[in-house]
Each structure stands twice: as C-alpha cells, then as structure tokens.
Amino acid sequence: MKKSLGAGRVLVAIYGVFALSASARAGYQLIREFDQAPVAYLLSAVAALVYIVATFSLAQPEKYHALALLAVRFELAGVIIVGLLSVLMPELFGHPSVWSGFGIGYGFIPLVLPMLGLIWLRRRNAGTK
C-alpha cells in the first residue's frame, strides 16, 4: 500500500510534534514538580503516551488502523472529559495539563486534532473498500 500522502503526512507530523512536546512537558513535570499537581502531571503523561501511539499508528494506517482509531477516540474522550472537569472543578488539577480547558494552552489543537484524525481515518478507510 501507499505511504500516507498529503493530509495524512501533515496529520502525522502534527501528532509527532505533540508527542514530543507533551512527552517533554510531562517528563519535566513528573521529575521536577510532581508534588505540586500530581493529577495534572499524570494526565499530561497519559496525553503524551496517547500522542505517541497515535503518531505511530497513524503513520501506518493500513497496518494499525484499529489502534489508530482507538488512540484517537481515547484522545478525544480525554480532551472532553479533562476539559470539562478542569472548567467545572479546577481544584482537582492544581496546574493545567495538556488537555485542561480543552487544550487552551495549545491553542485548542488537542480538541481539534482528534476530530481531524477521525475524519481522516474514516475517509481513508472508505477509500480502501
């Protein structure tokens, strides 16, 4: 099968950037500041892991379609749940996580990105049938 082209490459690149940035952020927070906001920092680590899995599975959708779908759906659910909780009960977090405020610290890209991922996976899967 063909490698990802066009929109797929851009999507994978954005996920890769988020995987790196969320991993660096979570790593620093877990090592240096964990006692200040453990819930927020653990959620940032979960987000980083999800971005890593999504990056690799989206890069090879013909091989890992189900995993990509799971990762992107999990990401969307996480952004919505953490976003709602961070707005309604900010005292739970202490500090913002990647998904706090629906990804406001990242320009709401964490909210939009999984939607784009789901659309891309759906279109790609429809094109292979």
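Residues numbered from 1 in each chain as written. Predicted model: local features only at pLDDT ≥ 70, side-chain atom pairs only at ≥ 80, totals over all residues. Heavy atoms only, no water.

Caption draft 1: Representation of the overall build of the protein within the structure. For the protein, the helix and strand inventory stands at four helices and zero strands. Ordered by position from the N terminus, the helices and strands of the protein form the series α-α-α-α. When the backbone C-alpha atoms are referred to their principal axes, the protein occupies close to 50 × 30 × 20 Å. Looking at the 129 residues of the protein, the share that counts as buried comes to 38%. Once local pairs closer than 6 in sequence are excluded, the contacts in the protein between residues at least 24 apart make up 67%. Total accessible area computed for the protein in this model is approximately 7400 Å², and 71% of it derives from carbon and sulfur atoms. A distance of 21 Å separates the average location of the 11 positive side-chain charges in the protein from that of its 5 negative side-chain charges. (Helix = DSSP H or I, 4+ residues; strand = E, 2+ residues; numbered from the N terminus. Buried < 20%, exposed > 50% of the residue type's maximum accessible area, 1.4 Å probe, protein only. Contact = heavy atoms within 4.5 Å. Areas by Shrake-Rupley, 256 points an atom, 1.4 Å probe, with all protein chains shown as cover. Lys, Arg positive; Asp, Glu negative; His and termini not counted. Charge placed at Lys NZ, Arg CZ, Asp CG, Glu CD.)

Caption draft 2: Seen up close, the packing of helix α2 (residues 38-59) against helix α3 (residues 61-88). In the contact formed by α2 and α3, the axes pass within 7 Å of each other and the chain directions differ by 150°. Between α2 and α3, the crossing angle belongs to the class labelled roughly antiparallel. Remark: the crossing between α2 and α3 carries left-handed chirality. For the pair formed by α2 and α3, the contact residues are Leu 43, Val 46, Val 50, Tyr 51, Val 53, Ala 54, Ser 57, Leu 58 and Ala 59 on the first element and Pro 61, Tyr 64, Leu 67, Ala 68, Ala 71, Val 72, Phe 74, Glu 75 and Val 82 on the second. Its residues assigned to classes, the contact of α2 with α3 shows 16 nonpolar, one polar and one charged. (Axes fitted to C-alpha atoms, helices over the stretch in contact; angles between N-to-C directions. Parallel < 35°, antiparallel > 145°, perpendicular 65-115°, else oblique. Left-handed = near helix turned anticlockwise from the far one by under 90°. Nonpolar A, V, L, I, M, F, W, Y, C, P; charged D, E, K, R; others polar.)

Caption draft 3: Up close: a nonpolar patch on the surface. Nonpolar side chains collect at one region of the surface, where Ile 80, Leu 84, Val 87, Leu 88, Met 89 and Leu 92 lie side by side and expose about 540 Å² of accessible area between them. With respect to the secondary-structure elements, Met 89 resides in the loop between α3 and α4 (109-127). Given a relative accessible area of 36%, Met 89 falls into the partly exposed group. (Patch = residues over 30% accessible without salt bridge, like charges linked within 9 Å, V, L, I, M, F, W, Y side chains within 5 Å. Salt bridge = Lys/Arg side-chain N within 4 Å of Asp/Glu carboxyl O.)

Caption draft 4: Structural view of α2. Given a rise of 1.5 Å per residue, 22 residues ought to cover 32 Å, and the 32 Å separating the end C-alpha atoms of α2 matches this to within 8%. Within α2, burial applies to Ala 40, Tyr 41, Ser 44, Ala 47, Ala 48, Val 50, Tyr 51, Ala 54, Thr 55, Ser 57 and Leu 58. (Expected span 1.5 Å × (residues − 1).)

Caption draft 5: A look at α3. Of all the bends found along α3, the most pronounced is centred on Leu 67 and spans about 45°. Listed in full, the buried residues belonging to α3 are Pro 61, Ala 68, Leu 69, Ala 71, Val 72, Glu 75, Leu 76, Gly 78, Val 79, Val 82, Gly 83 and Ser 86. (Bend = angle between axes of the 7 residues up to and from the residue.)

Caption draft 6: Highlighting the environment of Ser 100. In this structure, Ser 100 sits in the loop between α3 and α4. Exposure remark for Ser 100: the relative accessible area of 8% places this residue in the buried category. C-alpha of Ser 100 to C-alpha of Arg 9: the two residues are 91 residues apart in sequence and 27 Å apart in space. If sequence neighbours within four positions are ignored, Ser 100 has contacts with Val 82 and Ser 86.

Caption draft 7: How the structure looks around the pattern of salt bridges. Here the structure, examined in full by the defined rule, presents one salt bridge. Across the salt bridge formed by Glu 62 and Arg 124, the nearest N and O atoms sit 3.1 Å from each other. Here the residue Glu 62 occupies a position in helix α3, and Arg 124 occupies one in helix α4, the gap between them amounting to 62 residues. Of the residues examined, Glu 62 reaches a relative accessible area of 39% and is grouped as partly exposed.

Everything listed here is a matter of coordinates, which is why it stays silent on function.
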